[in-house]
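Here is what each chain is made of, one letter per residue.
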Amino acid sequence: MIVPILPDEGVTTSSSTTDAKEWAMIELNGELIMPKDLPNAENDENQTSTSVLGDDRVELGAIRFTEEGKPMMTVGSHELKGSIVNLKEPFAVMKKKRKRSSKSDNGDDENNSSLVEYRVMGIVKKKFLFDQYPKSIMR
């Protein structure tokens with residue numbers, strides 16, 4: 001079975017190269033524990049550290065960079081210092097896309113592999129590594 005792997009529809013391609021978006025990943029050491037009761041965005045206008053994005057997604061925190069170019073992440077009332085690490089092997093972030101099945105003239109489904117394709121959404125080459133003990137922030 002041959003599954004096509006194509007660039008994202010918004011990505012322009014030339015004859016030999018694909019300009020995929022460069023993504024970065026975040027690596028945290030430790031455990032993130034979700035609060036039992038998330039604040040309601042409609043009732044709390046001053047909400048800053050935790051906001052519900054819908055579909056059971058929650059904003060993790062804010063990343064900013066120091067003058068030296070090192071990442072710092074604020075998660076709730078903790079501040080994490082990190083570093084940027086190049087990955088040994090870059091990898092692609094892909095999205096699986098199902099096509100609508102089309103019937104051939106004899107009524108049978110066409111090749112099943114043509115019903116699925118993958119779109120390359122981005123390439124991950126770096127990671128933000130937060131491996132130090134967090135500093136508490138008093139607010």
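For the structure itself, look to the data block above.
Residues numbered from 1 in each chain as written. Predicted model: local features only at pLDDT ≥ 70, side-chain atom pairs only at ≥ 80, totals over all residues. Heavy atoms only, no water.

Student: Even after reading the chapter, I still don't get the overall build of the protein chain, so can you show me in this structure?
Tutor: Scanning the protein chain from N- to C-terminus turns up zero helices and ten strands. Ordered by position from the N terminus, the helices and strands of the protein chain form the series β-β-β-β-β-β-β-β-β-β. Of the roughly 11100 Å² of accessible surface on the protein chain, a fraction of 49% belongs to carbon and sulfur atoms. (Helix = DSSP H or I, 4+ residues; strand = E, 2+ residues; numbered from the N terminus. Areas by Shrake-Rupley, 256 points an atom, 1.4 Å probe, with all protein chains shown as cover.)

Student: I keep staring at the environment of phenylalanine 91 and nothing clicks. Help me out?
Tutor: By secondary structure assignment, the location of phenylalanine 91 is in strand β8 (residues 83–98). On the accessibility criterion, phenylalanine 91 (37% relative accessible area) is partly exposed. In sequence terms phenylalanine 91 and lysine 125 are 34 residues apart; their C-alpha atoms lie 7.0 Å from each other. Not counting the four nearest positions on each side in its chain, phenylalanine 91 is found in contact with Met25, Gly122, Ile123 and Val124. (Buried < 20%, exposed > 50% of the residue type's maximum accessible area, 1.4 Å probe, protein only. Contact = heavy atoms within 4.5 Å.)

Student: Got a minute to help me understand the side chain of lysine 127 in this structure?
Tutor: Residue placement: lysine 127 occurs in strand β9 (residues 116–130). At 2.7 Å, the side chain of lysine 127 and the side chain of glutamate 27 are in polar contact. Apart from residues lying up to four places away in sequence, lysine 127 is in contact with Met25, Glu27, Ser83, Ile84, Val85 and Leu87. (Polar contact = N/O pair within 3.5 Å; in protein donor to acceptor, adjacent residues only side chain to side chain.)

Student: Help me understand the packing of aromatic side chains, please; the structure alone is not making it clear to me.
Tutor: The way to describe two aromatic rings as a pair is by their centre distance and the angle between their planes. Under the counting rule described, the total for this entry stands at one aromatic pair. Considering the side-chain rings of phenylalanine 65 and phenylalanine 128, the 5.7 Å spacing of their centres and the 75° angle between planes classify their relative orientation as edge-to-face. With phenylalanine 65 in strand β5 (residues 62–65) and phenylalanine 128 in strand β9, this pair connects stretches of sequence that are 63 residues apart. Overall, the relative accessible area of 47% leaves phenylalanine 65 in the partly exposed class. Here phenylalanine 128 falls in the buried class, since its relative accessible area comes to 15%. (Phe/Tyr/Trp six-rings, centres within 6.5 Å; stacked < 30°, edge-to-face > 60°.)

Student: When you look at the sheet that holds strand β7 (residues 78–81) in this model, what are you seeing that I'm missing?
Tutor: Backbone-to-backbone hydrogen bonds pair the strands of a sheet. The strands run either parallel or antiparallel. Strand order in this open sheet of four strands is β5-β6-β7-β10, and the pairing throughout is antiparallel. Every interior strand has two partners, whereas the edge strands, β5 and β10 (135–136), have only one. The pairing of β7 with β10 spans two bridges and is classified as antiparallel. Its bridge partner lying in β10, glutamate 79 is registered against lysine 135. (Pairing = 2+ DSSP bridges.)

Student: Whenever I open this one, a nonpolar patch on the surface confuses me. Can you help?
Tutor: Where nonpolar side chains cluster on the molecular surface, the patch consists of Ile26, Ile63, Phe65 and Ile84 and spans about 330 Å² of accessible area. Take isoleucine 63: its relative accessible area is 32%, and that puts it in the partly exposed class. (Patch = residues over 30% accessible without salt bridge, like charges linked within 9 Å, V, L, I, M, F, W, Y side chains within 5 Å. Salt bridge = Lys/Arg side-chain N within 4 Å of Asp/Glu carboxyl O.)

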